[in-house]
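Close look at the chain arrangement
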Amino acid sequence: MATLIPALGSCVSRMTQGERRLAERLEEKLDDDYLLWYDVPIGPKQTHPDFVVLHPRRGLLILETKDWRLDTIQRATRQAWDIAPDGMPKVVMNPLAQARHCAIQVVQALERDAQLVSQPARTTASWRFRGAMAWCSRASPASSSTAPAWPRPSSRTS
């Protein structure tokens, strides 16, 4: 069982339903050597990714969780999504772009620690970012009108 920081009991009141659902699954399904941080401020801009997942050998994973149902998403591009939760339209950053921005902030923060780099400005761990749609099936985003906004999964090894 992974370790969630802060403990689920102390942060569940500020989580969305989808974040709580994902936190419970991550905590339950991941091995003991995983650490999970929920809503932790990162970098000089104090970016708050929903989850930062750390494994000592596998590296970092940044997750942004959205509680939207597929019919909430009206239009999606690589930059922005038009959504209408509760019938109120608004434009938000693409969840993958949001997770990527958070991942860059995490990597930059880690690169400032001399004990974590093997060469100047080069972290030794790999990192990835993802968006998590809490209420969509695995096939839903790829088979819908949002498909152009879901490029192949990205990863980067610095």
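None of the values given here were measured: they were computed from a predicted structure. (Residues numbered from 1 in each chain as written. Predicted model: local features only at pLDDT ≥ 70, side-chain atom pairs only at ≥ 80, totals over all residues. Heavy atoms only, no water.)

**So, the overall build of the protein chain**
Counting secondary structure elements, the protein chain contains 3 helices and 11 strands. Counting helices and strands in the order they occur from the N terminus, the protein chain gives β-α-α-β-β-β-β-β-β-α-β-β-β-β. A buried classification covers 39% of the 158 residues belonging to the protein chain. A separation threshold of at least 6 residues defines the contact pool for the protein chain, and within that pool the share at least 24 residues apart is 55%. (Helix = DSSP H or I, 4+ residues; strand = E, 2+ residues; numbered from the N terminus. Buried < 20%, exposed > 50% of the residue type's maximum accessible area, 1.4 Å probe, protein only. Contact = heavy atoms within 4.5 Å.)

**What about helix α2 (residues 17-29)?**
Residues separated by three or four positions in an α-helix point in the same direction, a consequence of the helix having 3.6 residues per turn. Helix length check: α2 (13 residues) gives 18 Å between terminal C-alpha atoms against 18 Å at 1.5 Å per residue, within 8%. When we look at burial in α2, the residues that qualify are Gly18, Glu19, Leu22, Ala23, Leu26 and Glu27. For α2, the buried positions fall inside an angular range of 155 degrees around the axis, keeping them on one side. Among the exposed residues of α2, those pointing more than 90 degrees away from its buried face are Glu28 and Lys29. (Expected span 1.5 Å × (residues − 1). Arc of directions from axis to C-beta.)

**Notes on the sheet that holds strand β7 (residues 90-93)**
Read across the open sheet, the 3 strands follow the order β5-β6-β7; overall the sheet is antiparallel. For this open sheet the edge positions go to β5 (73-76) and β7, each flanked by a neighbour on one side alone. Neighbour-to-neighbour, the strand axes of the sheet open up by a mean angle of 25 degrees, direction not taken into account. (Pairing = 2+ DSSP bridges. Axes fitted to C-alpha atoms, helices over the stretch in contact; angles between N-to-C directions.)

**Topic: the confidence of the model for the protein chain**
Overall, the prediction assigns the protein chain a mean pLDDT of 82, with 74% of residues at 70 or greater. Note that residues 154-158 has pLDDT below 50 and, in this model, 13 contacts with residues that lie over four places away or in other chains. (pLDDT = per-residue confidence, 0-100.)

**Some remarks on the pairing of strand β2 (residues 35-38)**
Because side chains alternate across β2, one face comprises the buried residues Leu36 and Tyr38, and the other comprises Leu35 and Trp37, none of which is buried. Here 4 bridges tie β2 to strand β3 (residues 51-55), and the two strands are oriented antiparallel to one another. Residue leucine 35 lies in a different strand from β3, and its bridge partner there is leucine 54.

**Here we look at the environment of glycine 87**
Structurally, glycine 87 is set in the loop between β6 (80-83) and β7. Looking at glycine 87, the relative accessible area reads 55%, which means it is exposed.

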